[in-house]
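Given next are the chains, with one letter for each unit.
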Amino acid sequence: MSGSSTFVGMPAFPVAAHEAVRDRTLRGNLRHATHTIRDKRARAVAELPDWAALRAAGRQIKDHTLRHLDRFLVQLEEAVTAAGGTVHWAADAAEANAIVARLVKETGESEVVKVKSMATQEIGLNEALEAEGIRAYETDLAELIVQLGRDRPSHILVPAIHRNRGEIRDIFRSEMASWGRPAPEGLTDTPAELAEAARLHLREKFLRAKVGVSGANFMVAETGTLVVVESEGNGRMCLTLPETLISVVGIEKLVPTWQDLEVFLQTLPRSSTAERMNPYTSTWTGTTDGDGPRTFHLVLLDNGRTDTLADEVGRQALRCIRCSACLNVCPVYERAGGHAYGSVYPGPIGAILSPQLRGTGSAIDASLPYASSLCGACYEVCPVAIDIPEVLVHLRERVVQGGEAVRGGNKVVLKPAKGHGAERAAMRAARLAFSHPALLRGGQRLASRTRRLHPRTLPGPGRAWTGTRDLPALPAEPFRDWWQRTHGGPEEAK
């Protein structure tokens, strides 16, 4: 993975997805997992009669926080510092990676244990640390599977969703020994045995590690408290046992108060794991003598978030609480899988978040806004009411009009258009025809009279649109002529 967090060698989404849908094992794994999770989620959400109100409250809290993000970030820094922590500001991935590597080196250690963290995956922290001679061990079960398999995550909540139990057993048998304690002899693919093998493998790392690296699900501005929710207990071990804790967190993860946090601790577990509450909810505020790490560093990550915030339509993507509900209902993700998105953020949320954080200059990022049927299922399940289809259409407009957004005052404006010439020419021709009734009438008559000569698919770049659909058949007679013939009188009077 490169510093831009685009998976190296990834083609545009249509190409990658075309290959993915041919993998029957992958499609079967995804179908089973996503259907199971979303059915359980629907039952968990139905238990709350005020779910709609909680959803609206989550949206309002996030929007209020984003509007006043500068003030709340300063408040957070002051609270973390007063509690004994140290705050670092990172403008981009390179700066964040350099900060973390320096902090680890200052401890004299050469390995760290990690809580599952989308932010550290986004910036390619593991690879950056490895380049500095520091080995990072993932401790989340699914992340462990991905790391041992030299793989890439394909889901926000369940990174190894594309693997079945047999594949996981084989990975553990062949790879665990090179990373630490080997897999037990005769390991089978039963979930209990796989989990026990992972527990034994990770336990020695928890007890040995002096440095822990985490992200955070939320940061509470009023107290400087960070919050991690998880289901396995590995996070609790990483957050409490090491002597030094380094947390890398996107600046949008703020909530102003503990009362605001109450809303998300109800909506996040139900939308992600279909649980009423997370089995492990860990909170920490700075450092405390005799309890937990003696040194705490918070790295606040921008990496494109400020530019995203300046986009009045696209900024709603920053509301995301990483529940993955949108992935589990998306028909495109279910068939293509997460790797086709070329980012650590797959699925519908990735299709709007990655092009904003990274820009749409690359083929993969320019194609992501089109990785959707616009069915709206993602918006219906989002616990913070992100209108993903609206943002997708907005980003498609950006791609068509030139692709790159630049800051202009307090808003984001588009550079002059520099691509999609055929599409722009077609739109100009349509505007001319619709502005001149006589020209439109003549064009309709000519098209009807030559309809037998029309191809069923478009040539050149148009093949991308007609590769899976036929062009509409033209009628033998234009509507205007039919109306005049059957109703009589001047057409304009009708």
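On a predicted model such as this, the values are computed, not experimentally measured, just so you know.

Calculation criteria
- All residue numbers refer to position in the chain's written sequence, counted from 1.
- Reporting in this predicted model follows two pLDDT cut-offs: at least 70 for local features of residues, and 80 or more for side-chain atom pairs to be given and counted; totals over whole chains, interfaces and linings ignore these cut-offs and use all residues.
- Side-chain calculation: all heavy atoms of the structure are included, whereas hydrogens and water are not.
- Each helix corresponds to a stretch of at least 4 residues labelled H or I by DSSP, and each strand to a stretch of at least 2 residues labelled E; elements are numbered beginning at the N terminus.
- Exposure categories follow from relative accessible area, calculated using a 1.4 Å probe and restricted to protein chains: below 20% of the type maximum is buried, above 50% is exposed, and the middle band is partly exposed.
- Only heavy atoms matter for contacts: two residues are in contact if any of them lie within 4.5 Å across the pair.
- In summary, the charge assignment counts Lys and Arg as positive and Asp and Glu as negative, without counting His or the chain termini.
- Here the site of a charge means atom NZ of a Lys, CZ of an Arg, CG of an Asp or CD of a Glu.
- In this scheme Phe, Tyr and Trp rings, the latter by its six-membered ring, pair at centre separations within 6.5 Å, and the angle between planes marks the pair as stacked below 30 degrees, edge-to-face above 60, and tilted otherwise.
- Over a ring means this: the NZ of a Lys or the CZ of an Arg is within 6 Å of the ring centre and within 35 degrees of the ring normal.
- Throughout, an axis means a line fitted to C-alpha atoms (over the contacting stretch in the case of helices), and angles, computed between N-to-C directions, take values from 0 to 180 degrees.
- Just so you know how the angles are binned, under 35 degrees is roughly parallel, over 145 roughly antiparallel, 65 to 115 roughly perpendicular, and the rest oblique.
- Two helices crossing with the near one rotated counterclockwise from the far one by less than a right angle form a left-handed crossing, whereas a clockwise rotation gives a right-handed crossing.
- The classification used treats Ala, Val, Leu, Ile, Met, Phe, Trp, Tyr, Cys and Pro as nonpolar, Asp, Glu, Lys and Arg as charged, and all other residues, Gly among them, as polar.
- UniProt positions are given in the numbering used here, feature names are shortened, and annotations may be inferred rather than shown by experiment.
- Each polar contact in these results corresponds to two N or O atoms within 3.5 Å; when the atoms are within protein, one needs to be able to donate a hydrogen and the other to accept it, and residues that are neighboring in sequence are counted only if both atoms are side-chain atoms.
- A side-chain nitrogen of Lys or Arg and a carboxyl oxygen of Asp or Glu constitute a salt bridge if their distance falls within 4 Å.
- Here the rule is simple: two strands pair whenever DSSP picks up at least two bridges between them.

Asks: Talk me through the overall build of the protein; I want residue IDs and the actual numbers.
Replies: Summing up its helical and strand segments, the protein has 23 helices and twelve strands in all. Principal-axis analysis of the C-alpha atoms gives the protein an extent of 95 × 55 × 50 Å. Out of the 494 residues belonging to the protein, those deemed buried represent 50%. Once local pairs closer than 6 in sequence are excluded, the contacts in the protein between residues at least 24 apart make up 72%. Taking the average location of the 61 positive side-chain charges in the protein and that of its 57 negative ones, the two points are 9 Å from each other.

Asks: Could you give an account of the packing of aromatic side chains, naming the residues involved and the relevant values?
Replies: Applying the stated criterion across every chain, the model contains eight aromatic pairs. Seen in terms of ring centroids, Trp 284 and Phe 296 are 6.3 Å apart; in terms of plane orientation they differ by 90°. Their pairing is edge-to-face. Placement of the pair is Trp 284 in strand β9 (residues 280–285) and Phe 296 in strand β10 (residues 295–301), with a sequence separation of twelve residues. There is no split in this pair, since Trp 284 and Phe 296 are both buried. Judged by centre distance (5.7 Å) and plane angle (35°), the rings of Phe 479 and Trp 482 are tilted. Taken together, the residues span about one helical turn, with Phe 479 and Trp 482 both in helix α23 (residues 479–487) at a distance of three residues. One aromatic cluster is present, formed by Phe 13, Tyr 333 and Tyr 341 through successive ring pairs. The side chain of Arg 55 reaches across the aromatic face of Tyr 379, ending 5.0 Å from its centre. Looking at Arg 71, its charged tip hangs above the ring of Phe 72, at a distance of 4.6 Å from the centre.

Asks: Which residues make up the environment of Leu 300, and what values go with them?
Replies: Tracing the chain through its elements places Leu 300 in strand β10. Considering only alpha carbons, one finds Leu 300 and Gly 250, 50 residues apart in sequence, at a separation of 5.9 Å. If we ignore the near neighbours within four places in the chain, the residues touching Leu 300 are Leu 73, Leu 76, Val 87, His 88, Trp 89, Ala 90, Met 219, Val 249 and Ile 251.

Asks: Residues and numbers for the packing of helix α16 (residues 347–358) against helix α19 (residues 388–400), please.
Replies: One can describe the packing of α16 onto α19 by two numbers: an axis separation of 10 Å at closest approach and a directional angle of 40°. The orientation of α16 relative to α19 falls into the category oblique. Note on packing geometry: the crossing formed by α16 with α19 is left-handed. Contact residues: α16 offers Pro 348, Ile 349, Ala 351, Ile 352, Pro 355 and Gln 356, while α19 offers Ile 388, Val 391, Leu 392, Leu 395 and Arg 398. Its residues placed into classes, the contact of α16 with α19 shows nine nonpolar, one polar and one charged.

Asks: So what about the UniProt feature "domain: LUD" (unreviewed entry) in the protein? Which residues, and what values?
Replies: Cross-referencing UniProt, the feature "domain: LUD" (unreviewed entry) maps to residues 75–288 in the present numbering. The span residues 75–288 is 46% helical and 19% strand by assignment, and the distance between its end C-alpha atoms comes to 20 Å.

Asks: Residues and numbers for helix α8 (residues 141–148), please.
Replies: Summarising burial for α8: seven of the eight residues are buried, a large majority. Within the sequence span of α8, burial applies to Ala 142, Glu 143, Leu 144, Ile 145, Val 146, Gln 147 and Leu 148. In the core, the buried residues of α8 are packed alongside α6 (118–122), α7 (125–131), β3 (135–138), α9 (165–179) and α10 (191–208). You can read the cap of α8 off the contacts: a side-chain oxygen lies 3.1 Å from the backbone nitrogen of Ala 142, and it is on Asp 140. Count one or two residues on from α8 and you reach Arg 150, which has phi positive near 50°.

Asks: Kindly report on the side chain of Thr 120, identifying the contributing residues and their values.
Replies: Along the chain, Thr 120 falls in helix α6. Given the relative accessible area of 1%, Thr 120 is considered buried. Looking at Thr 120, its side chain comes within polar contact range of the main-chain oxygen of Ser 117, at 3.1 Å. Residues within four places of Thr 120 in sequence aside, it is in contact with Lys 114, Leu 125, Val 213 and Val 248.

Asks: I'd like a rundown of the side chain of Asp 302, residues and numbers included.
Replies: With respect to the helices and strands, the residue Asp 302 is situated in the loop between β10 and α13 (305–309). Lacking a salt bridge, the buried Asp 302 has Arg 305 as its closest oppositely charged neighbour, with an N-O distance of 6.0 Å. Looking at Asp 302, its side chain comes within polar contact range of the main-chain nitrogen of Arg 305, at 2.9 Å. In this structure the side chain of Asp 302 is engaged in a polar contact, spanning 2.3 Å, whose partner is the side chain of Thr 306. Leaving out residues up to four positions away in the same chain, Asp 302 has contacts with Ala 90, Ala 91 and Ile 251.

Asks: An account of the sheet that holds strand β4 (residues 211–214) is needed here, citing residue identities and associated values.
Replies: Taking strand neighbours across the sheet as the criterion, the six strands line up as β1-β10-β7-β4-β2-β3 in an open arrangement whose pairing is parallel. A single partner strand is all that each edge strand has here, and the edge strands are β1 (86–90) and β3. Along the sheet, successive strands turn relative to each other by an average axial angle of 25°, direction set aside. Where β4 meets strand β7 (residues 244–250), four bridges bridge the pair, whose relative direction is parallel. From the neighbouring strand, Val 211 faces β7, where its bridge partner is Thr 244. Taken strand by strand, helix α5 (residues 93–107) contacts β1, β2 (111–114), β4, β7 and β10, and its axis lies near 145° from that of β1.

Asks: Give a description of the environment of Asn 234 that names residues and reports values.
Replies: As for its position among the elements, Asn 234 is in helix α11 (residues 234–240). Here Asn 234 falls in the buried class, since its relative accessible area comes to 6%. In sequence terms Asn 234 and Arg 102 are 132 residues apart; their C-alpha atoms lie 25 Å from each other. Sequence-distant contacts of Asn 234, that is, excluding residues within four places in its chain, are made with Thr 139, Asp 140 and Phe 206.

Asks: Talk me through the packing of α8 against α9; I want residue IDs and the actual numbers.
Replies: Remark: α8 packs on α9, axes separated minimally by 9 Å, with the N-to-C direction vectors making an angle of 75°. The angle between the axes of α8 and α9 places the two elements in the roughly perpendicular class. For the pair α8 and α9, contact is made by Leu 141, Leu 144, Ile 145, Gln 147 and Leu 148 and by Ile 168, Ile 171, Phe 172, Glu 175, Met 176 and Trp 179, respectively. Classifying every residue of the contact of α8 with α9 by side-chain character gives nine nonpolar, one polar and one charged.

Asks: Give a description of the pattern of salt bridges that names residues and reports values.
Replies: Where charged atoms of side chains with opposite charge meet at close range, the side chains can pair. Enumeration over the complete set of coordinates arrives at 24 salt bridges. A salt bridge links Asp 151 to Arg 163; its shortest N-O distance comes to 3.1 Å. Highlighted residues: Asp 151 in the loop between α8 and α9 and Arg 163 in the loop between α8 and α9, separated in sequence by twelve residues. A residue is classified by how much of its surface remains accessible, and Arg 163, at 27% relative accessible area, is partly exposed. With a closest N to O distance of 2.5 Å, Arg 398 and Asp 311 form a salt bridge. Pair noted here: Arg 398 is in helix α19 and Asp 311 is in the loop between α13 and α14 (325–329), with a separation of 87 residues, a long-range link. Asp 311 matches Arg 398 in its accessibility class, with the two residues each being buried. Each of Glu 122, Glu 252, Arg 305 and Arg 322 takes part in a single network of salt bridges with overlapping partners.

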